[in-house]
Amino acid sequence: MSVKVWDPFIRLFHWGLAASFVIAWITADEWDTLHHWAGYAAGSLIALRLVWGLVGTRYARFTQFIKSPAATIGYLRDIMRGREQRYLGHNPAGAAMIVALMLAMAGCAFTGWLSTTNAFWGADWLEEIHEFLANGLLILVLLHVGGVLLASLRHHENLVRSMVNGRKRRPVSDDIA
C-alpha cells in the first residue's frame, strides 16, 4: 500500500527546476537566449516554491520538514552509522539540501539576471560569482542524486518514482510521518 505525499505542484516544480538547470548548464556560453529563459524559468519556479512552502500541502510546507542544525547533524551521524530513520516526507538531510539548492539556484538566477542589466553589463566579478554558483549547483545536484540513491537503497523504496507519481510506501511504526 502507498500514500500520497508529493502534490502535483511539488512534482512539477522539482522536474521543472531540474530541466531548467540542465538546459541552463548545457546552453551556457553557447545559446544566450535559451540560457536566459532557463534562468528566468528557474527563478520563477523558486519564487512559486517559496509561496507554496508557506501555504501548500502538508509535505510541501517548510514548517513540516526544515529541522534545526542539530537535528540535521544528528541525522547525518545516523546515516554514517547506518541507522537513520525513514521519513515519509523529506528527511533532515534532504531538507537541508532543498534549502541549499534553492538558495544556490536563486543566487545563480539573480546574478545571471543582474548581468543582463545596464548597471552590471560586462562586470567580470558578477560573472565569476554566477559561474561559482553554477558550479556549486552542479556539486549540490550530484550530492542530491547520491542522497536519493542512498535513501532509496537503505529504505527499500524508489524515491525517483515517488517524485513522478507522488506516492510513497505507507509508514510503519518506526517511520516519521
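What counts and how
- For every chain, the first residue of its written sequence is number 1, and the numbers climb from 1 along that sequence.
- At least 70 in pLDDT is required for a residue's local features to be given in this predicted model, at least 80 for side-chain atom pairs to be given and counted, and no such filter applies to totals for whole chains, interfaces and linings, which use all residues.
- In computing side-chain values, all of the structure's heavy atoms are included and hydrogens and water are not.
- What makes a nonpolar core is a set of buried Ala, Val, Leu, Ile, Met, Phe, Trp, Tyr and Cys residues whose side-chain atoms join them at distances within 4.5 Å.
- The rule is simple: take the accessible area with a 1.4 Å probe, protein chains only, and divide by the maximum for that residue type; under 20% is buried, over 50% is exposed, in between is partly exposed.
- Numbering of helices and strands runs from the N terminus; a helix is a DSSP stretch of H or I covering at least four residues, while a strand is a stretch of E covering at least two.
- Here a residue-residue contact requires only that any non-hydrogen atoms of the pair lie within 4.5 Å.
- Under the rule applied, a polar contact is a pair of N or O atoms within 3.5 Å (in protein, one hydrogen donor and one hydrogen acceptor; residues adjacent in sequence only if both atoms are side-chain atoms).
- Any two of the Phe, Tyr and Trp rings considered here, Trp counted by its six-membered ring, make a pair once their centres fall within 6.5 Å; the pair's planes then place it as stacked at under 30 degrees, edge-to-face at over 60, or tilted in between.
- Should the NZ of a Lys or the CZ of an Arg lie within 6 Å of a ring centre and within 35 degrees of the ring normal, that charge is described as sitting over the ring.

**Some words on the nonpolar core**
- Residues Leu 17, Ile 46, Met 105 and Leu 137 are the most contacted members of the largest nonpolar core, which totals 20 residues.
- For this core, the secondary structure elements donating two or more residues are helix 1 (8-27), helix 2 (32-55), helix 3 (62-65), helix 5 (92-114) and helix 6 (124-154).
- In terms of residue count, helix 5 provides more of this core than any other element does, eight residues in total.
- Leave out the neighbours within four places in its chain, and Leu 137 touches Phe 21, Leu 101, Ala 104, Met 105 and Cys 108.

**Focus: the side chain of Thr 111**
- With respect to the helices and strands, the residue Thr 111 is situated in helix 5.
- Using a relative accessible area of 8% as the deciding quantity, one classes Thr 111 as buried.
- At a separation of 3.1 Å, a polar atom in the side chain of Thr 111 contacts the main-chain carbonyl oxygen of Cys 108.
- Sequence-distant contacts of Thr 111, that is, excluding residues within four places in its chain, are made with Leu 126, Ile 129, His 130 and Leu 133.

**Focus: the packing of aromatic side chains**
- The tally for this structure, following the rule as stated, stands at eight aromatic pairs.
- Their ring planes at 50° and their centres at 5.5 Å tell us that Phe 9 and Trp 52 sit as a pair that is tilted. Of the two residues, Phe 9 sits in helix 1 while Trp 52 sits in helix 2, which places them 43 residues apart along the sequence.
- Summarising the aromatic geometry, the rings of Phe 62 and Phe 65 are spaced 5.9 Å apart at their centres and angled 65° between planes, so their arrangement reads as edge-to-face. Of this pair, Phe 62 and Phe 65 both sit in helix 3, three residues apart, which is roughly one turn of that helix.
- Given the relative accessible area of 16%, Phe 62 is considered buried.
- For Phe 65, a relative accessible area of 0% gives the class buried.
- Of the aromatic side chains, those joined through ring pairs into one cluster are Phe 9, Phe 13 and Trp 52.
- Taking NZ or CZ as reference, Arg 49 lies 6.0 Å from the ring centre of Phe 13, over its face.

**Quick word on unusual backbone geometry**
- Even without a glycine there, the phi angle at Asp 29 is positive, about 65°.
- Looking at where Asp 29 falls in the secondary structure, it is placed in the loop between helix 1 and helix 2.
- Taking the relative accessible area as the measure of exposure, Asp 29 reaches 66% and is therefore exposed.
- A positive phi is found at His 156, a non-glycine position, where the angle reads about 55°.
- Checked against the element boundaries, His 156 lands in the loop between helix 6 and helix 7 (159-165).
- Classification of His 156 as exposed rests on a relative accessible area of 68%.

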